[in-house]
Amino acid sequence: MLDIQKIRADFPILSQHVNGKPLVYFDNGATSQTPKVVIDSIVDYYSRYNANIHRGVHTLSQIATDAYEQARTKLQHHFNAKHNYEIIFTSGTTEGINLVANGFASILKKDDEIIVSALEHHSNIVPWQMLCEHTGAILKVIPMNYDGELLMDVYVKMLSPKTKLVFCNHISNALGTINPVEFIIEKAHEVGAAVLIDGAQAVPHLKPDVQKLNCDFYVASAHKMCGPTGVGILYGKEEWLRKLPPYKGGGEMIATVTFEKTTYADLPHKFEAGTPNICGGIAFGVAVDYMNGIGFDAIAKQEQELLEYGTKRLQELENIEIYGTKDLSKKASVISFNIKGIHPYDIGTIIDKLGIAVRTGHHCAQPIMDFYQIPGTIRASFAFYNTKEEIDIFVEAVKKAQMMLS
Ligand SMILES: *Cc1c(COP(=O)(O)O)cnc(C)c1O
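The rules we used
Residues numbered from 1 in each chain as written. Predicted model: local features only at pLDDT ≥ 70, side-chain atom pairs only at ≥ 80, totals over all residues. Heavy atoms only, no water. UniProt positions renumbered as here; feature names shortened; annotations may be inferred. Helix = DSSP H or I, 4+ residues; strand = E, 2+ residues; numbered from the N terminus. Near = heavy atom within 4 Å. Polar contact = N/O pair within 3.5 Å; in protein donor to acceptor, adjacent residues only side chain to side chain. Areas by Shrake-Rupley, 256 points an atom, 1.4 Å probe, with all protein chains shown as cover. Nonpolar A, V, L, I, M, F, W, Y, C, P; charged D, E, K, R; others polar. Phe/Tyr/Trp six-rings, centres within 6.5 Å; stacked < 30°, edge-to-face > 60°. Pairing = 2+ DSSP bridges. Axes fitted to C-alpha atoms, helices over the stretch in contact; angles between N-to-C directions. Left-handed = near helix turned anticlockwise from the far one by under 90°. Contact = heavy atoms within 4.5 Å. Buried < 20%, exposed > 50% of the residue type's maximum accessible area, 1.4 Å probe, protein only.

Naming follows an unreviewed UniProt entry, where the protein appears as Cysteine desulfurase of Flavobacterium solisilvae. The Sequence similarities (unreviewed entry) field of the UniProt record for the protein holds the comment "Belongs to the class-V pyridoxal-phosphate-dependent aminotransferase family. Csd subfamily."

Following the UniProt record, one finds the feature "domain: Aminotransferase class V" (unreviewed entry) at residues 24–394. Here residues 24–394 is 39% helix and 18% strand, with 8 Å between the C-alpha atoms at its ends.

The environment of the ligand is formed by T93, T94, H121, S123, N173, D198, A200, Q201, S221, H223 and K224. Between an oxygen atom of the ligand and a side-chain N or O atom of T94, the distance comes to 2.6 Å. The side chain of K224 places a nitrogen or oxygen atom 2.7 Å from an oxygen atom of the ligand. Within the complex, the protein chains bury 85% of what would otherwise be the 380 Å² of accessible surface of the ligand. Of the residues that constitute the shell around the ligand, the class distribution is one nonpolar, eight polar and two charged.

Here a ring pair, both rings aromatic, is described through the centre-centre distance and the interplanar angle of the planes. Tallying each qualifying case throughout the model produces 19 aromatic pairs. Here F11 and Y290 contribute two aromatic rings whose centre-to-centre distance is 5.8 Å and whose plane-to-plane angle is 80°, an arrangement assigned as edge-to-face. Of this pair, F11 sits in the loop between helix 1 (4–8) and strand 1 (17–18) while Y290 sits in helix 10 (residues 278–294), and the two are 279 residues apart along the sequence. Ring centres of F26 and F382 lie 4.8 Å apart, and the angle between their planes is 80°; on these two criteria the pair is classed as edge-to-face. Taken together, the residues span a long stretch of sequence, with F26 in the loop between strand 3 (24–25) and helix 2 (36–49) and F382 in the loop between strand 17 (377–381) and helix 14 (388–405) at a distance of 356 residues.

Here we have four strands laid out as an open sheet, ordered 13-14-17-16, and antiparallel in their pairing. With one partner strand each, in any of the chains shown, strand 13 (320–323) and strand 16 (359–361) form the two edges of the open sheet. Between one strand and the next, the sheet's axes are offset by a mean angle of 30°, whatever the strand orientation. Across four bridges, strand 13 lies against strand 14 (residues 334–339) in antiparallel orientation.

We now examine the packing of helix 2 against helix 10. Two numbers describe a pair of packed helices, the interaxial angle and the distance between the axes. Taken N-terminus to C-terminus, the directions of helix 2 and helix 10 make an angle of 145°; their axes are 9 Å apart at the nearest point. Between helix 2 and helix 10 lies a crossing of right-handed hand. Every residue of helix 10 that contacts helix 2 at V37, V38, S41, I42, Y45, Y46 and Y49 is listed here: I278, C279, I282, A283, V286, A287 and Y290. Each residue belonging to the contact of helix 2 with helix 10 can be placed in one class, and the counts come to 13 nonpolar, one polar and no charged.

What follows concerns the sheet that holds strand 8 (residues 194–198). The pairing of strands in a sheet happens through backbone hydrogen bonds and is either parallel or antiparallel. As summarised here, the arrangement of the seven strands in space is 4-10-9-8-7-5-6, forming an open sheet in which the pairing is mixed. Edge positions in the sheet fall to strand 4 (87–90) and strand 6 (138–142), since each of these pairs with one other strand and no more. Adjacent strand axes in the sheet meet at a mean angle of 20°, parallel and antiparallel pairs treated alike.

Our next topic: the environment of I97. Along the chain, the position of I97 falls in helix 4 (residues 93–104). Residue classification places I97 among the buried positions, given a relative accessible area of 0%. Residues I97 and S32, spaced 65 residues apart in sequence, show a C-alpha to C-alpha distance of 21 Å.

Below, the structure written as structure tokens:
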């Protein structure tokens, strides 16, 4: 069992009052909170060894370079990549997806097909639409059912030798569905298509093994797993990273430059133009250590308990509709719901006055909301540092809002 009170003491932000009430932070799907060790690592970087990396011969630059590259190796081990140069530092999930989409612009031909899932975040839809516009490739969508599950029988029929790429999130941010990514990857490979998995919503809950998954690309953001904003990773299989052209031109990504011809640096630097988020990358490594210190088995157990308890308590409410699968073992600790006849935004506004942070709206997944024909949902997303007592406060607050609004 986790000692939740001890863990909560690691997060300075959690002990504050918001609008005069103790903060109940249930917006972890949008961004997680930051433990003191991660905050300290940022302060330490700027206090002791802030310097540009890979360039200087001076001591501070070498210390910073070592710390940054050690963070890369830490991430390699965390995701179980074969080589550390298969881990590319990005500014986050969105940039990782754009990097791959941009690379495929030179590979795809007219009438090639790419497949996305109906459960995608906008950041995993728009870059592909832009890519299709640019190349003449065709975008196809794996449909979902009312329980928020992707229809695998339809997916299998959509695949053909024309399929070049498949994109799917590991866990849906809007509904919490854990998608059958192993199956999706295996079937895509049977027709020779590459697969990118958007792990932004999975990394706070589980430890992905990219070699076991056998995905071609995996993207994630640090800020959803106790790290800072503005940094993330793209994992890519070596053969793919060698095939794709660089995404951004600039310093750091070159081997030689003349006005006639530039040759690119080797992996991973080929994809890392310009001064990166050095301190962010280092702090990302600290966040990964912190989460592994708690342990992903313990995290999953605590979150599953919160999910079951939260679902049970919310079901006490009249006129509540919870979206997504009813099989809670196929779901991350996210509850997306509405109270019939009340706009989600109104509930969000009232419970904010009571110190509770949830997300209301379409969660950057407009197509899912269109599917259910709703403007949005209220999404409570739990982290391992949340408690059942907070769920009680939250449920009472929603009840109060419901009374005021109906
Ligand atoms: C948050 C999220 C993203 C975008 O991540 P950024 O850090 O904003 O780039 C993409 N996909 C999913 C599933 C997400 O939850």
